[in-house]
Amino acid sequence: MYLHVGEDVMVRADEIIAIIDKGSVNQSVIIQEFFQSKKKGMINLSKGKFKSLVITDHQHYLSPLSSSTLLKRLN
């Protein structure tokens, strides 16, 4: 199964490690440190501000879709 995470990007569901909402990225010191260390390698799919961070085995995506929307699509 594949999950559409924004733009024209589809990610295999079994490769997803975590889907983190923007609020958690901003509030958690640990996630903020991870975000800053990986920011250069992340693919920004949102034209403006991102709503969620999708972490996979191979890549990290800044998605314009909320984490709740992405989770609903997985189910």
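See above for the structure.
Residues numbered from 1 in each chain as written. Predicted model: local features only at pLDDT ≥ 70, side-chain atom pairs only at ≥ 80, totals over all residues. Heavy atoms only, no water.

As for the overall build of the chain
- Secondary structure summary: the chain contains three helices and six strands in total.
- Going from the N terminus to the C terminus, the chain shows its helices and strands as β-β-β-α-α-β-β-β-α.
- Overall, the chain is about 30 × 25 × 20 Å in size when its C-alpha atoms are taken along their principal axes.
- For the chain, the proportion of its 75 residues judged to be buried stands at 35%.
- A separation of at least 24 residues holds for 48% of the contacts in the chain among residues at least 6 apart in sequence.
- As displayed, the chain has an accessible area near 4800 Å², and 52% of this comes from carbon and sulfur atoms.
- A gap of 9 Å separates the mean positions of the 10 positive and 7 negative side-chain charges of the chain. (Helix = DSSP H or I, 4+ residues; strand = E, 2+ residues; numbered from the N terminus. Buried < 20%, exposed > 50% of the residue type's maximum accessible area, 1.4 Å probe, protein only. Contact = heavy atoms within 4.5 Å. Areas by Shrake-Rupley, 256 points an atom, 1.4 Å probe, with all protein chains shown as cover. Lys, Arg positive; Asp, Glu negative; His and termini not counted. Charge placed at Lys NZ, Arg CZ, Asp CG, Glu CD.)

Topic: the sheet that holds strand E6 (residues 60-63)
- Here we have four strands laid out as an open sheet, ordered E3-E5-E6-E4, and mixed in their pairing. Each having just a single partner strand, strand E3 (16-21) and strand E4 (43-44) make up the two edges of the open sheet.
- Relative to E6, E4 runs parallel, the two sharing two bridges. If you follow asparagine 44 over to E6, its bridge partner there is leucine 62.
- The sheet contacts of helix H3 (residues 67-74) involve E3, strand E5 (52-56) and E6, and relative to E3 the element is tilted by about 145°. (Pairing = 2+ DSSP bridges. Axes fitted to C-alpha atoms, helices over the stretch in contact; angles between N-to-C directions.)

Here we look at unusual backbone geometry
- A positive phi angle is found at glutamate 7, which is not glycine, with a value near 50°.
- Tracing the backbone through its elements, the reader meets glutamate 7 in the loop between strand E1 (2-6) and strand E2 (9-12).

Concerning the side chain of serine 46
- Take serine 46: it is sitting in the loop between E4 and E5.
- In terms of polar contacts, serine 46 uses its side chain to reach the backbone carbonyl oxygen of glycine 48, at 3.2 Å.
- Not counting residues within four places of it along the chain, the set of residues in contact with serine 46 comprises Leu62, Ser63 and Pro64. (Polar contact = N/O pair within 3.5 Å; in protein donor to acceptor, adjacent residues only side chain to side chain.)

Digging into the nonpolar core
- Counting residues in hydrophobic clusters, the biggest one holds eleven residues: Leu3, Val5, Val9, Val11, Ile16, Ile19, Leu45, Val54, Tyr61, Leu65 and Leu70.
- Listed by contribution, the elements that provide at least two residues to this core are E1, E2 and E3.
- In terms of nonpolar packing, the next biggest core, distinct from the first, is built from eight residues, Phe35, Met42, Phe50 and Leu53 among them. (Core = buried A, V, L, I, M, F, W, Y, C linked by side-chain atoms within 4.5 Å.)

Function-wise, these values are silent; they only describe arrangement.
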